[in-house]
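# Summary of structural features
The residues making up each chain are set out below.
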Amino acid sequence: MSVRVASRKEGFETKSGKAKKSNRHQPKPEQVASIEAIQQCLVENFGDIKDPRVERTKKHQLTDILVIAILAVIGGAQGWEDIENYGISKQKWLEKFLALPNGIPSDDTLRRVFEFINPEELNRCFLKWVETLVTNMGGEIIPIDGKTIKGSYDRNQGKSALHVVSAWASEQNLVLAQMKVKDKSNEITAIPALLELLDITGAIITIDAMGTQTEIAKKIIVKPD
């Protein structure tokens, strides 16, 4: 069972009856930002993160480190050495929009910097950047659903499996936002917090039976810009 709630802000435009039948089933063109805009927004959004390092120890700009790491992980990197290797292999391209005063940071530098970065601040900047990837969410179907990550538990350390609530842009094949919760029962409190991170103007939100709460529906309908 699922509930569909449409935002009232923009409503739904009625298609003209004069439209040609041959055009009815043509896919709507995706409103995706250009590669140049994506690069620029990536650098700008992560430039707001506070640098935890001592000034005299800085050989690499914090923004350069963060951008290289994020792009590397998107490209499939699974560790610090992978991220460094990604940077080296893509250096000529990265130099087009990053400063890189001392080349590509080493794997040890990457690890040390991320140990001191505020994860909540990093997550907030990342979500802001993701929003720039899609320039128009009007009419988009955004399912919000919780999933338990397979293999994420640690029996030896007594850690339970990781459970996350995600908002997924169906047409763009893109996770817009994600929040970690203790278990499935916490999804009800996590969904409103997740909605606060998103601009859902004109979008259609779908939620499973657990999330069909009056307060959540109100949050979707009247959420301010």
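Residues numbered from 1 in each chain as written. Predicted model: local features only at pLDDT ≥ 70, side-chain atom pairs only at ≥ 80, totals over all residues. Heavy atoms only, no water.

## A word on the overall build of the chain
To keep it simple, the criterion reads: Helix and strand definitions here come from DSSP, where helices need a minimum of 4 consecutive H or I residues and strands a minimum of 2 consecutive E residues; each element is numbered from the N-terminal end. Burial status follows relative accessibility: with a 1.4 Å probe on protein chains alone, a residue under 20% of its type maximum counts as buried, one over 50% as exposed, and anything between as partly exposed. Contacts are assigned to residue pairs with any non-hydrogen atoms lying within 4.5 Å of each other. Every accessible area reported is derived by Shrake-Rupley at a probe size of 1.4 Å, with residue values counting cover from the shown protein chains alone.
From N to C terminus, the chain includes 8 helices and 5 strands. Start at the N end of the chain and walk to the C end: the helices and strands fall as β-α-α-α-α-α-α-β-β-β-α-β-α. When each of the 225 residues of the chain is scored for burial, the buried share is 36%. Expressed as a percentage of contacts within the chain between residues at least 6 apart in sequence, the contacts between residues at least 24 apart total 65%. Here the chain displays about 14300 Å² of accessible surface, and carbon together with sulfur accounts for 51% of that area.

## Re the packing of helix α7 (residues 187–196) against helix α8 (residues 214–222)
Helix-helix packing is characterised by the crossing angle of the two axes and by the distance between the axes. Put simply, the rule is: The axes used here are C-alpha line fits, helices contributing only the stretch in contact, and every angle between their N-to-C directions lies in the interval 0 to 180 degrees. Here the angle decides the label: under 35 degrees means roughly parallel, over 145 means roughly antiparallel, 65 to 115 means roughly perpendicular, and every other value means oblique. Note on residue categories: nonpolar means Ala, Val, Leu, Ile, Met, Phe, Trp, Tyr, Cys or Pro, charged means Asp, Glu, Lys or Arg, and polar means any other residue, Gly included.
With their axes 10 Å apart at the nearest point, α7 and α8 run at an angle of 5° to one another. Relative to α8, α7 is oriented roughly parallel. Residues Ile188, Ile191, Pro192, Leu195 and Glu196 of α7 touch α8, and the partners they reach there are Ile216, Lys219 and Ile220. Here the residues of the contact of α7 with α8 sort into 6 nonpolar, no polar and 2 charged.

## Section: the confidence of the model for the chain
To keep it simple, the criterion reads: Looking at any residue, its pLDDT shows the predictor's confidence there, from 0 to 100.
The predicted model of the chain has a mean per-residue pLDDT of 76, with 74% of residues at 70 or higher. Here strand β1 (residues 2–6) stands out as the least confident element of the chain, with mean pLDDT 45; helix α3 (residues 80–89) is the most confident, with 95. Predicted confidence is poor over residues 1–30, with pLDDT under 50, and the contacts of this stretch with residues over four places away or in other chains come to 39 contacts.

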